[in-house]
Amino acid sequence: VLLAEDNEINMEIAKALLESSGMRVDTAEDGQKAVEAFAASAPGEYRCILMDIMMPNMNGYEATKAIRAMERPDAGTVPIIAMTANAFAEDIQAALDNGMNAHIAKPLNVRVVMETLAKFMHAD
């Protein structure tokens, strides 16, 4: 999992949650770093990207669009899940409109995170 989150405490909590479920987690502190990490990864290395929306340098929407535009086989298919405190219907729709697959509201609920990941991270 690639975890893009600019708030250090939120990143630590989400990373610990994911790792306690047996996932390997790489982190990026902003959207630009997330795009760079994905670009440098092997195709299929990341099974999912958890993307904060409000980040410096490049927000989550911009980062998602940049990843989706890459010419590699997994760029259009890797699940990208928005993580944001903005949880109104229009925020959920904005995430989908910007190429994301799903939306998780903050503060993160462990059950919701795991259920959402389970929908997208199928065993191969």
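For the structure, see preceding data.
Residues numbered from 1 in each chain as written. Predicted model: local features only at pLDDT ≥ 70, side-chain atom pairs only at ≥ 80, totals over all residues. Heavy atoms only, no water.

1. What to know about the environment of Glu45
Assignment of secondary structure puts Glu45 in the loop between helix H2 (31-40) and strand S3 (49-52). A residue is classified by how much of its surface remains accessible, and Glu45, at 34% relative accessible area, is partly exposed. For Glu45 and Asp74, which are 29 residues apart along the polypeptide, the C-alpha to C-alpha distance reads 9.2 Å. In this structure, Glu45 is in contact with Arg24 and Asp26, ignoring residues within four places of it in sequence. Within the structure, the side chain of Glu45 is placed 3.4 Å from the side chain of Arg24, a separation counted as a polar contact. (Helix = DSSP H or I, 4+ residues; strand = E, 2+ residues; numbered from the N terminus. Buried < 20%, exposed > 50% of the residue type's maximum accessible area, 1.4 Å probe, protein only. Contact = heavy atoms within 4.5 Å. Polar contact = N/O pair within 3.5 Å; in protein donor to acceptor, adjacent residues only side chain to side chain.)

2. Quick notes on the packing of aromatic side chains
Applying the stated criterion across every chain yields a total of zero aromatic pairs. In this structure, Arg72 packs its charged tip against the face of Phe38, placed 4.1 Å from the ring centre. (Phe/Tyr/Trp six-rings, centres within 6.5 Å; stacked < 30°, edge-to-face > 60°. Lys NZ or Arg CZ within 6 Å of the ring centre and 35° of its normal.)

3. Focus: the side chain of Glu5
The topology assignment puts Glu5 in the loop between strand S1 (2-4) and helix H1 (8-20). Polar side-chain contacts of Glu5 include one of 3.0 Å to the backbone nitrogen of Asn7. Here Lys106 takes part through its side chain, which lies 2.7 Å from a polar atom of the side chain of Glu5. Beyond its immediate stretch of four places on either side in the chain, Glu5 contacts Asn10, Met11, Ala28, Glu29, Asp52, Met55, Met83 and Lys106.

4. Considering the pairing of S3
A regular strand places its side chains on the two faces of the sheet in alternate fashion. Taking every second residue as pointing to the same face, both faces of S3 are buried, with Ile49 and Met51 on one and Leu50 and Asp52 on the other. As defined by bridge partners, S3 adjoins strand S4 (residues 80-84) across four bridges and the pair is classed as parallel. When the sheet's bridge partners are listed, Leu50 is paired in S4 with Ile81. Between S3 and its parallel partner S4, the chain crosses via helix H3 (residues 60-68), and the hand of that crossover is right-handed. (Pairing = 2+ DSSP bridges. Right-handed = clockwise from strand over helix to strand, strands pointing away.)

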